[in-house]
Amino acid sequence: MPELPEVETQVRDLQKIVGRRIFALSSNTKKAFTPAFAKFKKKIENKKILAINRRAKFIIFSLSEKLVLVAHFRMTGHFLLARNSIPLEKSIRHFLKLSGGVWIQFSDIRKFGTLRLVSEKDLEKLPEIQKLGIEPFSKSFTLAKFREILRSKKGRLKATLLDQKIIVGIGNIYADEICFAAKLHPVSKVEKLTKKGMENLFHVIRNQLRKGIRNRGTTIGEFVDVSGRAGKNQNSLFTYRRHGQPCKICGTTLERMKIQQRTTSFCPVCQKKF
Ligand SMILES: [Zn+2]
């Protein structure tokens, strides 16, 4: 599933279509739309794209007439930019024809991706937006704030990292990499983290996400940028899906376990459990 760095990579690429007008929408997977397709199509056509931003793993298109398109990739979604409506991939579900001879194609093998159209004032009222935790790159995410958040939490470190109500954007890939980079076992209890441990974790979270963005995402499966190019972060992973292979630091065979039904890979030597 695309996580913060993958969604951020797509959003930054999509900035180049800001200012274009949406001429037409077509789809072969109409269940993705809220409101229902016919109403959605009528509302979005002829609107201008004023801005494109990310909130957690949502892609937020600000449109003219105070409308907002809220897209989510879920398992396998991504946008592609094209010069025509010839599908760039087999799994293209939706097409948006824009001014200037540009098409947005939405690829989604598993068909779990969603597109929602709301008014600007209703965006913050959406339950899935309301329940989101803090953005790791926002000004309000400071070390003091992070300590305050963690002090009120109990449980396993990896489960805490995956919880979108606490910090947004971290999924299975970056959670495993963050635990390894912080030298913490994924089942470590967050309530037992030392002050120093919290500080280290705070920096590791941002560094790992930044590294993912710099590498234009992790491509294991479907993720590509809007030009169809794979990311590079999969080439420099330390633990994610590497169980059975030697630790790149100490050579010990990496182990795996399930945490919240998610396969978790870790080094039993480098990562301290407490
Ligand atoms: Zn190791």
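Before reading further, recall that the structure is shown in the block above.
Bear in mind the structure is a predicted one, so any value in this text is a computation, not a measurement.

**Some remarks on a nonpolar patch on the surface**
At step 1: A surface patch of nonpolar side chains, amounting to about 280 Å² of accessible area, comprises M1, M75 and F112.
At step 2: Mapped onto the secondary structure, M1 falls in the segment before α1 (4–14).
At step 3: Under the relative-accessibility criterion, M1 is labelled partly exposed at 47%.

**A few points about the pattern of salt bridges**
Working definition: two side chains of opposite charge can pair if their charged atoms are close together.
At step 1: A full pass over the atoms with the stated rule returns 15 salt bridges.
At step 2: A salt bridge links K41 to E45, with the shortest nitrogen-to-oxygen separation between them at 2.7 Å.
At step 3: Residue K41 is classed as partly exposed on the basis of its relative accessible area of 27%.
At step 4: Taking relative accessible area as the criterion, E45 reaches 19% and is therefore assigned buried.
At step 5: The residue D225 makes a salt bridge to R216 at a minimum N-O spacing of 3.1 Å.
At step 6: By relative accessible area, D225 is classed as buried at 2%.
At step 7: A single network of salt bridges, built from pairs that share partners, joins E8, R12, R54, R55 and E135.

**A word on the coordination of the zinc ion**
Each donor-metal-donor angle would ideally measure 109.5 degrees in four-coordinate tetrahedral geometry, or 90 or 180 degrees in six-coordinate octahedral geometry.
At step 1: The protein atoms that coordinate the zinc ion are C247 (SG), C250 (SG), C267 (SG) and C270 (SG), at distances of 2.3 to 2.4 Å.
At step 2: One can describe the site at the zinc ion as tetrahedral: its four donor atoms subtend angles covering 102 to 113° at the metal.
At step 3: Every donor residue of the zinc ion comes from the same chain, spaced as C-x2-C-x16-C-x2-C.

Thresholds, definitions, all that
- Numbering of residues starts from 1 in each chain and follows the order in which that chain's sequence is written.
- Given that the model is predicted, a residue must reach a pLDDT of at least 70 before its local features are reported, and side-chain atom pairs must reach 80 or more before they are shown or counted; all residues, however, enter totals for whole chains, interfaces and linings.
- Note that the side-chain values use all heavy atoms of the structure and ignore hydrogens as well as water.
- Residues form patches when they are more than 30% accessible in relative terms and have no salt bridge. Like charges link within 9 Å. Nonpolar side chains (Val, Leu, Ile, Met, Phe, Trp, Tyr) link within 5 Å.
- Computed with the Shrake-Rupley method and a 1.4 Å probe, the accessible areas treat only the protein chains shown as cover for residues.
- Salt bridges, as used here, are contacts in which a Lys or Arg side-chain nitrogen is within 4 Å of a carboxyl oxygen on Asp or Glu.
- Helix and strand assignments follow DSSP, with helices taken as H or I runs no shorter than four residues and strands as E runs no shorter than two, numbered in order from the N terminus.
- When a residue's accessible area, from a 1.4 Å probe over protein chains only, is under 20% of the maximum for its type it is buried; when over 50% it is exposed; and in between it is partly exposed.
- The donor set comprises N, O and S atoms within 2.8 Å of the metal, extended to 3.2 Å for Na, K and Ca; water molecules are omitted, so apparent gaps in a site may simply reflect that omission.
- Irregular is the label for any site that misses the other tests, which are tetrahedral for four donors with all angles between 85 and 135 degrees, and square planar for four donors or octahedral for six when opposite donors exceed 155 degrees and the remaining angles lie between 65 and 115.

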